[in-house]
Amino acid sequence: MAKKMIRDVIRDTIDEEMARDDSVIMLGEDIVGGMGSAGGPEAIGGIWGTSGGLWAKYGSDRVIDTPISESAIIGAAAGASLTGKRAIAEIMFADFIGVCMDQIWNQVAKFRYMFGGKSKCPIVIRMPYGAGYNAAPQHSQSIHAMVTAMPGLKVVMPTTAADTKGLLTQAIRDDDPVIFLEHKALYGLKGEVPDGEYLIPFGHARQVTQGDDVTILATGMMVGFAEKAAAQLAQDGIGCDLLDLRTTSPLDEEAIMDSVERTGRLLIVDEAPPRCSFATDLSALVANKAFASLKAPIEMVTGPHSPVPFARELESAYVPSPDKIVAAAVKAMSYRRG
Amino acid sequence: MQHSREALIQAYRQMKTIRAFEERLHDDIALGEIAGFTHLYAGQEACAVGVCEHLGPADYIISTHRGHGHCIAKGCDVVGMMKEIYGSSDGLCKGKGGSMHIADINKGMLGANGIVGAGAPIAVGAGITAKSTGNVSIAFSGDGACNQGTTFEAMNMAVVLKLPVIFVFENNHYSEHTGESYAVGAESMTVRSAAFGMKAIKANGIDFFSVYDAMRELIDYCKAGNGPASIELDTERFYGHFEGDPQRYRGKGELDRLREERDCLKVFRTKVTEAKLLEGKDIDAIDTEVEALIERAVAESKAAPRPTAAHVLEDVYISY
Amino acid sequence: MANLRAFAMPKWGIEMTEGVVAEWMVKEGVPFKKGDIIALIETDKITNEVEAEADGMFPKLVAETGGTYQVGELIAVLAGADETPSADEVSAFVSGFKPADTAVASKAGGSTPPPPAAPKAEPAPEPVKKVSIAADANISPAARALAEEKGVDISGITGSGEGGRITFQDVLQASLPPVSIGGSPVDIAPVGETLGEVFASPLAKRLAVQHGVALSSLTGTGPKGRICKADVLAKVKPEPVAQAATPAPASAAAPMAFARPAPGTAEIVKMSSMRKAIARALSHSKSTIPHFYLRSKVRIDAILGLRAQAKAATGEAPSINDYIVRACGLALARHPDVNVQVHGNEIHRFGSADISVAVATDKGLITPIVKGADTLSVAAISREVKALVEKARTGKLQPEEFQGGSFSISNLGMFGIDQFDAIINPPQGAILAVGAGVRQPIEIGNALAFATIVELSLSCDHRAIDGAVGAEFMRTLKGLIEEPKLLVG
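Residues numbered from 1 in each chain as written. Chains lettered and ligands numbered in written order. Predicted model: local features only at pLDDT ≥ 70, side-chain atom pairs only at ≥ 80, totals over all residues.

### Focus: the overall build of chain B
Where we set the bar: Put simply, DSSP marks the helices as runs of H or I at least four residues long and the strands as runs of E at least two long, and each gets a number from the N terminus on. Labels follow a simple rule on C-beta atoms placed from the backbone: if 20 or more others lie within 10 Å of a residue's own, it is buried; if 12 or fewer, it is exposed; otherwise it is partly exposed. Whether two residues are in contact is decided by their C-beta atoms, placed from the backbone, lying within 7 Å.
Counting secondary structure elements, chain B contains 12 helices and seven strands. Counting the 320 residues in chain B, one finds 55% classified as buried. Here the analysis covers contacts within chain B between residues at least 6 apart in sequence; of these, 75% occur between residues at least 24 apart.

### Topic: the overall build of chain A
For chain A, the count of helices and strands is 12 helices and 14 strands. With 338 residues in all, chain A has 61% of them scored as buried. Of the contacts formed within chain A by residues at least 6 apart in sequence, a portion of 77% connects residues at least 24 apart.

### Observations concerning the packing of helix α9 (residues 320-334) of chain C against helix α10 (residues 378-393) of chain C
Residues and elements named next belong to chain C. Threshold: Only the contacting stretch of a helix is used when fitting its axis, a line to C-alpha atoms as for every element, and angles between N-to-C directions run 0 to 180 degrees. Take the far helix as your reference; a near helix turned counterclockwise from it by less than a right angle gives a left-handed crossing, and one turned clockwise gives a right-handed crossing.
Between α9 and α10, whose axes approach to 9 Å, the crossing angle comes to 115°. For the crossing formed where α9 meets α10, the hand is right-handed. Of α10, the residues touching α9 (which contributes D322, Y323, V325 and R326) are V378, I381, S382 and V385.

### So, the interface of chain A and chain B
Let me state the cut-off plainly: Only Asp, Glu, Lys and Arg are considered charged, only Ala, Val, Leu, Ile, Met, Phe, Trp, Tyr, Cys and Pro nonpolar, and every remaining residue, Gly among them, polar.
With 37 residues of chain A at the contact, the number on the chain B side is 36 residues. Put simply, the parts of the chain that give the side of chain A that touches chain B at least two residues each are β3 (63-66), α3 (70-82), α4 (97-108) and α5 (111-114) of chain A. A per-element tally of the side of chain A that touches chain B places α3 of chain A first, with nine residues. Here the residues of the side of chain A that touches chain B are counted per class, giving 15 nonpolar, 14 polar and eight charged.

### Quick notes on the interface of chain C and chain A
Each side of the interface is counted separately: chain C has 28 residues, and chain A has 30 residues. Only α3 (168-175) and α4 (202-211) of chain C provide two or more residues apiece to the side of chain C that touches chain A. For the side of chain C that touches chain A, the class distribution of residues is 17 nonpolar, seven polar and four charged.

### Looking at the nonpolar core
This is how the line gets drawn: Take the buried Ala, Val, Leu, Ile, Met, Phe, Trp, Tyr and Cys residues, join any whose C-beta atoms are within 7 Å, and the set you get is a nonpolar core. Domains are outlined according to an automatic or database domain assignment.
By size, the foremost hydrophobic cluster in this structure holds 204 residues, and its most contacted members are A226 and A329 of chain A. Per-domain counts for this core show at least three residues from each of domain 1 (2-193) and domain 2 (206-334) of chain A. In this structure, I303, V378, L388 and I481 of chain C belong to the second largest nonpolar core, which totals 56 residues.

### So, the sheet that holds strand β1 (residues 5-8) of chain C
All names here are of chain C. We apply this condition: Two strands form a pair only when DSSP identifies at least two bridges running between them.
On the basis of which strands lie adjacent, the open sheet formed by three strands has the order β1-β7-β5 and antiparallel pairing. The open sheet terminates on both sides in strands that have one partner only, identified here as β1 and β5 (57-61). In this sheet, neighbouring strand axes are inclined to one another by 35° on average, regardless of whether the strands run parallel or antiparallel. Bridge count between β1 and strand β7 (residues 74-79): four bridges; the pairing is antiparallel. Looking at the pairing, R5 lines up with L78 of β7. Contacts between helix α1 (residues 87-96) and the sheet are confined to β5 and β7, with β7 contributing the most and set at about 140° to the helix.

### A closer look at the packing of helix α1 (residues 6-20) of chain A against helix α7 (residues 161-173) of chain A
All names here are of chain A. For the record, the criterion: Angles are sorted into four bins: roughly parallel if under 35 degrees, roughly antiparallel if over 145, roughly perpendicular if 65 to 115, and oblique for all others.
At their nearest, the axes of α1 and α7 sit 9 Å apart, and the two run at 30° to each other. One element, α1, and the other, α7, form an angle in the roughly parallel class. When the axes of α1 and α7 are compared, the crossing they make is right-handed. Along the contact surface, α1 presents I6, V9, I10, T13 and E17, while α7 presents A161, T164, K165, L168, T169 and I172. Across the contact of α1 with α7, the residue classes tally to six nonpolar, three polar and two charged.

### Some points on the sheet that holds strand β6 (residues 68-70) of chain C
All names here are of chain C. One open sheet accounts for four strands, arranged β4-β3-β2-β6; its pairing is antiparallel. The outermost strands of the open sheet, each flanked by one partner alone, are β4 (47-51) and β6. Averaged over all adjacent pairs, the angle separating strand axes in this sheet is 40°, with direction ignored.

### Observations regarding the environment of T209 of chain A
Residue position: T209 of chain A is located in strand β9 (residues 206-209). Considered as a pair, T209 of chain A and A226 of chain A are 17 residues apart in the sequence and their alpha carbons are 9.8 Å apart.

### Here we look at unusual backbone geometry
At the junction of S249 of chain A and P250 of chain A, the peptide bond is cis and its omega measures out at 0° in the coordinates. Along the chain, the position of P250 of chain A falls in the loop between β12 (247-249) and α9 (253-263). For the bond running from P426 of chain C to P427 of chain C, omega is 5°, close enough to zero to count as cis. The residue P427 of chain C is located in the loop between β15 (407-411) and β16 (430-434) in this model. Residues other than glycine seldom take positive phi values, yet E42 of chain A does so here, at roughly 65°. Here E42 of chain A is to be found in the loop between β2 (24-29) and α2 (54-58). With a phi angle near 60°, K94 of chain B is a residue other than glycine that sits in the positive phi range. One can find K94 of chain B in the loop between α4 (78-85) and α5 (119-133).

### Description of the confidence of the model for chain B
For clarity, the cut-off: Each residue carries a pLDDT score, the predictor's confidence in it, ranging from 0 to 100.
Looking at chain B as a whole, its pLDDT mean stands at 96, while 100% of the residues score no less than 70. On the interface metric, ipTM, the complex scores 0.92, and its pTM is 0.67.

### As for the pairing of strand β14 (residues 299-302) of chain A
All names here are of chain A. To be explicit about the condition: Every crossover in which the path from the first strand over the helix to the second runs clockwise, viewed with the strands pointing away from the viewer, is termed right-handed.
In the sheet, strand β13 (residues 266-270) pairs with β14 via four bridges, with the strands oriented parallel. Bridging across to β14, D270 finds its partner in T302. Once you follow β13 into helix α10 (residues 278-289) and on to β14, the crossover reads as right-handed.

### Re α9 of chain C
Definition in use: One fewer than the residue count of a helix, multiplied by 1.5 Å, yields its expected span.
When the terminal C-alpha atoms of α9 of chain C are compared, their 21 Å separation across 15 residues agrees well with the 21 Å that a helix rising 1.5 Å per residue should span. Counting buried positions along α9 of chain C yields 13 of 15 residues, so the element is predominantly enclosed.

### Overview of the pairing of strand β3 (residues 165-171) of chain B
Residues and elements named next belong to chain B. A large share of β3 lies buried, amounting to seven of its seven residues. Residues V165, F167, F169 and N171 line one face of β3 and the alternating positions I166, V168 and E170 line the opposite face, and both faces are buried. Pairing analysis gives six bridges linking strand β2 (residues 137-142) to β3, with the strands arranged parallel. For S141, the partnering residue across the bridge sits in β3 and is F169. Handedness of the β2-helix α6 (residues 149-160)-β3 crossover: right-handed. Relative to strand β7 (residues 229-234), β3 runs parallel, the two sharing six bridges. The residue of β7 that forms the bridge with V168 is I231.

### Describing the environment of K83 of chain B
Structurally, K83 of chain B is set in helix α4. It is 8.6 Å that separates the C-alpha atoms of K83 of chain B and K94 of chain B, two residues lying 11 residues apart in sequence.

### Observations regarding α10 of chain A
Structurally, the α-helix is built with 3.6 residues per turn, so residues lying three or four positions apart point the same way. Residue and element names in this part refer to chain A. For the record, the criterion: Think of it as the arc spanned by the lines of direction from the helix axis to the C-beta atoms.
With 12 residues, α10 extends 16 Å from end C-alpha to end C-alpha; this agrees with the ideal 16 Å at 1.5 Å per step. Among the residues making up α10, those that are buried are F278, A279, L282, S283 and V286. Buried residues along α10 cover an arc of 135° about the axis, so they all sit on one side. Along α10, the residues that are exposed and aim more than 90 degrees away from the buried face are A284 and N288.

Pasting the structure below:
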């Protein structure tokens, strides 16, 4: 059991899986970094520090530094995965999904279905995402809703060091395509990580706190924010049942229903904008299947219907805060039933 | 290049199978037997067969929306393909893909593809695998897909990674309904491919022997570790972009002239009979055999089981 | 001039027609405080302490101690604590008093200290205020209609709709009184990250911890083999005995603090009226009723299992006693000869099993009645007992809620009493005494096994119930408790 930062967990997990299985390869922009430069290969080791040392260990045939060509990165990872490899593709910022959407949406997600179940494409597409770096509208978005909406993809959003290992190992060994979303602000987060083989099955939410008054559903950076809010709410006598959903596809509907049927109140925290979002999806699910259990309208704390702005003041106004989560929980608790 | 009698018969049988398959589809679609969009390959047979006669199951191809010819040439089961196009649950893709998505991974056929230009990047990935096994990966594209950024990205990446990928551009002179002379800005696809830093050649896409010989050269080149290559094949499309296309962009008498003067099957027959490699009756026998195969494929397709609503959720995931 | 009011014989329960003023606890002309016991009034069923509803003073005690008075009949004249009415005033009031219709006497306003739990009258609705809402106000049509109907001022409402539009829900919320939320800090039980965790749903994990089930020992039957609630519940073991036999009122057993008298001396404590009432009733019972006792040991393991399941499924579990009440209800329905009251030369056989459940309160023993225990589910009995106990503790029990009954149960299991015999609660014909569940070895076949045993003792009034009749009842009861399938569902 070692204490590691999430970025190191990612590198070490890929390392373990590449050592275990020769078919695992990795592709992406600057994942080696420094190719063709005076500084030489591994001058960078990945701009997120998630692939340092892997090229030296496994060579150019398995750790493939690519030109800036997202469509070709995903396409190449897809083609390799269709033909017997297990490719891990890195899209440097999740926002760049726009330039490779066809490969993800029309190709990777649909191969198996279109081909009558006679193919498999065990690809992992890693995408750093999220706000918090003042990286402005094209480098700060949370794109989980759009990929969750795509049948054929699995979508994973780890929040702890241990979960990162368990879920990434599962993702690499999974025979279906997996979108692995890494929140940029969590890369430096440290946590205990189990030694040896460690897998967490998908569709399995993590219970963060137990309480009886409000169910809070969160993903990514919002889990930590919600945990802070829950601690504050507990001081005020409000018990929060906080679930870190961990995967948005498949979704742990059972855990959500079990909790909401008990608490009768639901608060969803989502970093993304509110329309046609993961938050609205969860809200519809619960409104439809647990209407009878609800004691108050479903509350949603989300980003606004705007791009993620640049300036510090603007970005911090954009991102849901623990205070906003507390206020929404209090609102749910204050609902007057006529 | 020398060809055995068996090799010639096999090549002709493949080309004839494609032709008969497509002509039968043309008729059955007109009769309303088949749903959806279908893009016929007839006229380009020498390209698919001239490329694929070099390939084994560990060599990969990826195709286009006009993919039936590539599928047949790469060894996909013709009856299974017909059933698929008829939408049967017994089809090659269980009725989930249809004409535009026929694939058989075990045969090295990574799928026809409904998105123009989507195939080239995937062929690059198959090239990563092929490189590790000493095989090659082929991206079939047309004069339409050649203008997609994905194709450019794929060509550049294949050069950067020195992958054994051959970009085969079948120039049938129409990207959908637009002429090649308008849409391809460069002097030619060959010139453009060369500019990416790869070996780029041209061949006659209505002559099996021209395609076959050129491909031999390129495959040897790629397998020697020289990185990717490109070939532009000058060929013809005998039907519209899709079945139902009124083809008002064609010149007067254009199709009749093409079928008379630029039919790759006629070219093949003339060449092999004049060179006394095969006799006319050998060829006629193949025609009869192929017509029977297609007839059987259609009969079986019409009798084949239909999918039900219960099949909709199958094969979205391996496990979910 | 003093404001004199009548203090009339109260009516408790539907059947009370007359009462005996057993004892005046206050003297004429001496002021008393709200809550003081002012009288003991006996009916044919109980002796009741009457508490003062407000500060006051009786200038005249009309009723004589031991006298019987009709419901609604004047028994005292009531005045304010600081008033000094003249004798003439009082006698004029007495001669001018007309009893109200007895049927409604107990509702006759301030003249009678009513039982403490008289329902509060709904405050008259305030007249709807006229509100005017501007025609161009940003409000939905339904919200506008509601605001006008309820007289809700919308100027203070922040609309939650698009562009601040006021919605129906906004107006409805503004029209309702605020709810109080929160309170003392709660333990939100942060769930430590379990590494190498088992594939189980959060609820399954919670239940596993609650019931001490090792998840690693289970095979999941949920989606993709995940361990779900049902898998854990299937493994739930009965709860430890010490808790299992504890019925709801256990907390009443908290020791009362009292000063220990000096050695060699005795402190003289005057009996409270309730103590006196108990003493009177039970002395009468024990000395006049020919008791006999039927004892039987029953296994309650099956009930413990049911209870654990109920707890896991709903979070709340009926007490063992609730199951026993249910079992007695069913057994009484099958043995109507035990479901009786004895009145002189008459035996009253009842169609419904109304079971008095003995509850210890800080004021003494009280026996609220679970009516129709033969027709109620265990869960309903559990709710009913909880509600009755709560009322008994807070002194809000209505007379009809503790008067009558056709059978009693007294459970001292929570005090660790293995076995005891109870005194019949007259005019009932029998009472069941329930001891603690004790885990002990029993012989099954040729082997020893452990079972949780409760000892039951049925006290019967031999005037009405013969030994064989009581024994048949006990056999049925034992069967129901040991194979309680009939108790649930």
